[in-house]
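One letter stands for each residue in the lines below.
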Amino acid sequence: MNRKQFIVLIAVLVGLALAGAGVMWWQKSAWRTNNGAVGERLLPGLVVSEVEKIRVVEAGESVTMNRVEGKWQVAERNGYPANLDRIADFLAKLAELKITQLEPLADSQRARLQLVEPKSGQGKDTGTVVELEGKDGKSLGRLLLGKRVVMQAQTTAPTKGTPQPTGRYVIGKDPGSFAVILDTLQNAEGKPGPWLARDLIRVSGAKAMQWTSGSGKPGWSVIRESETKDWRFADSSEKLDNNKVQDIVSVVLYIALGDVVTDPGKGGFDKGATLKIQSFDGLSYTIRLGDLEGDMRYLKVALTGEPPKVRVPGKDETAEEKEKQDKAFEENRKAYMLGLERERKLEPWTFLVPNSNIEALMRDRTQLLPGAKKDDAKKG
């Protein structure tokens with residue numbers, strides 16, 4: 001290589017270096033002029049306590065949560081209480097989201113990144129809109145969530161690991177750029193069901209149960225003297241299978257809803273079964289079972305009665321033991337009464353619950369007898 005060729009080569013390399021530096025400067029400038037810098041919060045200034053409304057919109061479906069007098073409700077379910085834990089977790093995540101990548105967004109990229117605004121009838125390329133409002137409808141932030149960012153899981157095996165979602169593409173304040181966040185925001189769903197408060201009833205200490213059917217199946221009534229005693233039929237000496245009755249007790253210890261029905265005329269309760277339960281605490285529950293809707297069953301609940309206001313002292317209790325036990329009883333009763341207050345408010349509502357979770361509640365008298373096969377309540 002002669003001196004002239006060497007000088008030309010040096011000039012070319014210098015030119016390439018300058019060009020590369022120019023591209024890097026342009027990219028960094030573009031990032032700075034977009035919706036914030038890398039490392040900054042996606043929703044700067046968001047104060048969780050100021051949020052009064054959350055709206056999540058997907059293609060063909062949406063849900064709105066409003067905070068009314070300090071209590072979160074789901075608008076699409078006639079103001080039924082919302083899942084407070086889910087809302088708190090969701091808002092906390094939104095407030096902490098940070099930008100890990102920020103780039104200009106061309107229109108040709110929107111469908112590939114699923115950053116198309118959701119509209120009824122659109123397909124898989126649409127995103128999910130999250131809108132937050134404060135008092136008087138003031139906007140506190142709007143996000144368009146797109147495709148999840150997937151990374152190959154690390155593994156020491158010779159085969160490749162399973163791809164794992166690690167983040168998500170998102171459009172914030174600037175519609176002309178997209179960011180990448182290190183959270184999939186899995187809870188950002190436009191269906192009302194997942195946002196509803198999950199608890200229905202928790203029946204503990206069942207003392208007596210009575211089951212009747214509107215379809216002609218034989219009813220039954222069972223009792224027990226204490227929670228440690230076996231169940232027996234209340235109206236005969238016929239032997240029953242205690243384990244099959246205990247299955248029913250296990251179901252009513254906790255029933256979680258699947259959805260709330262907005263049309264009170266639905267359910268088919270006129271021909272459905274009814275289970276009445278009396279507890280050792282003096283409470284009476286009525287559970288009405290309706291028609292099947294796919295793999296869900298219509299259900300209504302009602303609660304009456306009042307638990308004891310004072311504790312029965314144990315035998316040979318000392319004054320110190322009595323004071324300690326009475327204090328614990330009063331504290332536990334306060335929490336217990338809060339749960340009962342919530343359950344009493346459920347009576348006007350109609351629910352859908354997974355039928356597989358409550359199949360045991362459909363058993364007629366013959367299905368409680370020894371040797372009888374457990375029923376398949378999916379048939380109705």
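Please read these numbers as outputs of a predicted model, since none were measured by experiment.

### Brief notes about the overall build of the chain
Then, number 1: Helix and strand content of the chain: five helices and 19 strands.
Then, number 2: Pairs at least 24 residues apart make up 63% of the contacts formed inside the chain by residues separated by at least 6 positions.
Then, number 3: Total accessible area on the chain stands at roughly 21900 Å², and carbon and sulfur atoms take up 52% of it.

### Some details on helix 4 (residues 242-252)
Given 3.6 residues to a turn, an α-helix orients residues that are three or four positions apart in the same direction.
Then, number 1: If you check which residues of helix 4 are buried, you get Asn242, Lys244, Val245, Ile248, Val249, Val251 and Val252.
Then, number 2: Packing partners of the buried residues in helix 4 comprise strand 10 (199-201), strand 11 (206-212), strand 12 (220-223), strand 14 (255-256), strand 16 (274-279) and strand 17 (283-293).

### Some details on the pattern of salt bridges
Then, number 1: With the rule as written, the count across this model stands at 22 salt bridges.
Then, number 2: For aspartate 199, the salt bridge identified is with arginine 202, shortest N-O distance 3.4 Å.
Then, number 3: For aspartate 199, a relative accessible area of 27% corresponds to the partly exposed category.
Then, number 4: For arginine 202, a relative accessible area of 43% translates into the label partly exposed.
Then, number 5: Beyond isolated ion pairs, a larger network of salt bridges with shared partners links Arg311, Glu317, Lys322 and Asp326.

### Focus: the environment of glycine 305
Then, number 1: For glycine 305, the position within the fold is in strand 18 (residues 296-305).
Then, number 2: The partly exposed category is assigned to glycine 305, whose relative accessible area is 34%.
Then, number 3: As for glycine 305 and leucine 340, which are separated by 35 residues in sequence, their C-alpha atoms are 9.9 Å apart.

### What to know about the packing of aromatic side chains
For any two aromatic rings, the description comes down to two numbers: the centre-to-centre distance and the angle of the planes.
Then, number 1: Scanning all chains against the criterion turns up five aromatic pairs.
Then, number 2: A ring pair is formed by phenylalanine 90 and tryptophan 195, whose centres lie 5.4 Å apart and whose planes are at 75°; its orientation type is edge-to-face. In this pair, phenylalanine 90 is assigned in helix 2 (residues 84-96) and tryptophan 195 in the loop between strand 9 (177-181) and strand 10, connecting sequence segments 105 residues apart.
Then, number 3: According to the relative accessible area criterion, phenylalanine 90 is buried, its value standing at 1%.
Then, number 4: Seen from their ring centres, tryptophan 211 and tryptophan 220 are 6.4 Å apart, and the 5° between their planes marks the pair as stacked.
Then, number 5: A connected cluster of aromatic rings, assembled from ring pairs, spans Tyr80, Trp349 and Phe351.

### Brief notes about the pairing of strand 2 (residues 61-68)
Then, number 1: Across six bridges, the pairing between strand 1 (residues 53-58) and strand 2 is antiparallel. Bridge assignment links glutamate 58 to a residue of strand 2, and that residue is glutamate 61.
Then, number 2: The turn linking strand 1 back onto strand 2 is made up of two residues, and glycine 60 within it adopts a positive phi angle of 85°.
Then, number 3: In terms of strand pairing, strand 2 meets strand 3 (residues 71-74) through four bridges, oriented antiparallel. Of the residues in strand 3, the one forming a bridge with methionine 65 is valine 74.
Then, number 4: Taking the residues that link successive antiparallel strands as the turn, the strand 2-strand 3 hairpin has two residues, and the phi of glutamate 69 there is positive, at about 50°.

### Considerations on the nonpolar core
Then, number 1: By size, the foremost hydrophobic cluster in this structure holds 70 residues, and its most contacted members are Ile54, Leu94, Met209, Leu275, Ile287 and Phe351.
Then, number 2: Beyond its immediate chain neighbours, meaning those up to four positions away, phenylalanine 351 contacts Tyr80, Leu200, Leu257, Asp259, Val260, Val261, Arg297, Tyr298, Leu299, Val301 and Leu346.
Then, number 3: Counting 11 residues, the second-largest nonpolar core is a separate cluster that includes Leu105, Leu113, Leu115 and Phe178.

### A word on the environment of threonine 126
Then, number 1: Structurally, threonine 126 is set in the loop between helix 3 (107-110) and strand 6 (128-133).
Then, number 2: Assessed through its relative accessible area of 13%, threonine 126 is described here as buried.
Then, number 3: Once residues within four sequence positions are removed from consideration, threonine 126 is found in contact with Ala59, Gln114, Val116, Glu117 and Pro118.

### A closer look at the confidence of the model for the chain
Then, number 1: Of the residues in the chain, 85% reach a pLDDT of 70 or more, and the chain-wide mean stands at 87.
Then, number 2: Per-residue pLDDT stays below 50 along residues 18-36; that stretch engages in 19 contacts with residues further than four places along the chain or on separate chains.
Then, number 3: Residue range residues 376-380 is modelled with pLDDT below 50. Its contacts to residues more than four positions away, or to other chains, number 12 contacts.

### Some points on the sheet that holds strand 13 (residues 232-233)
Then, number 1: Spatially, the eight strands line up as an open sheet ordered 13-12-11-16-17-18-19-15, and their pairing is antiparallel. Among the strands making up the open sheet, the edge pair consists of strand 13 and strand 15 (259-261).
Then, number 2: Pairing analysis gives five bridges linking strand 16 to strand 17, with the strands arranged antiparallel. Residue pairing for strand 17: isoleucine 277 is matched across the bridge by tyrosine 285.
Then, number 3: Its contacts with the sheet put helix 5 (residues 319-344) on strand 17 and strand 18, and the angle it makes with strand 18 is roughly 125°.

### Considerations on unusual backbone geometry
Then, number 1: For asparagine 78, which is not glycine, the phi torsion reads 55° and is therefore positive.
Then, number 2: Locating asparagine 78 in the fold gives a position in the loop between strand 3 and strand 4 (80-81).

Conventions we followed
- Residues numbered from 1 in each chain as written.
- Predicted model: local features only at pLDDT ≥ 70, side-chain atom pairs only at ≥ 80, totals over all residues.
- Heavy atoms only, no water.
- Helix = DSSP H or I, 4+ residues; strand = E, 2+ residues; numbered from the N terminus.
- Contact = heavy atoms within 4.5 Å.
- Areas by Shrake-Rupley, 256 points an atom, 1.4 Å probe, with all protein chains shown as cover.
- Buried < 20%, exposed > 50% of the residue type's maximum accessible area, 1.4 Å probe, protein only.
- Salt bridge = Lys/Arg side-chain N within 4 Å of Asp/Glu carboxyl O.
- Phe/Tyr/Trp six-rings, centres within 6.5 Å; stacked < 30°, edge-to-face > 60°.
- Pairing = 2+ DSSP bridges.
- Core = buried A, V, L, I, M, F, W, Y, C linked by side-chain atoms within 4.5 Å.
- pLDDT = per-residue confidence, 0-100.
- Axes fitted to C-alpha atoms, helices over the stretch in contact; angles between N-to-C directions.

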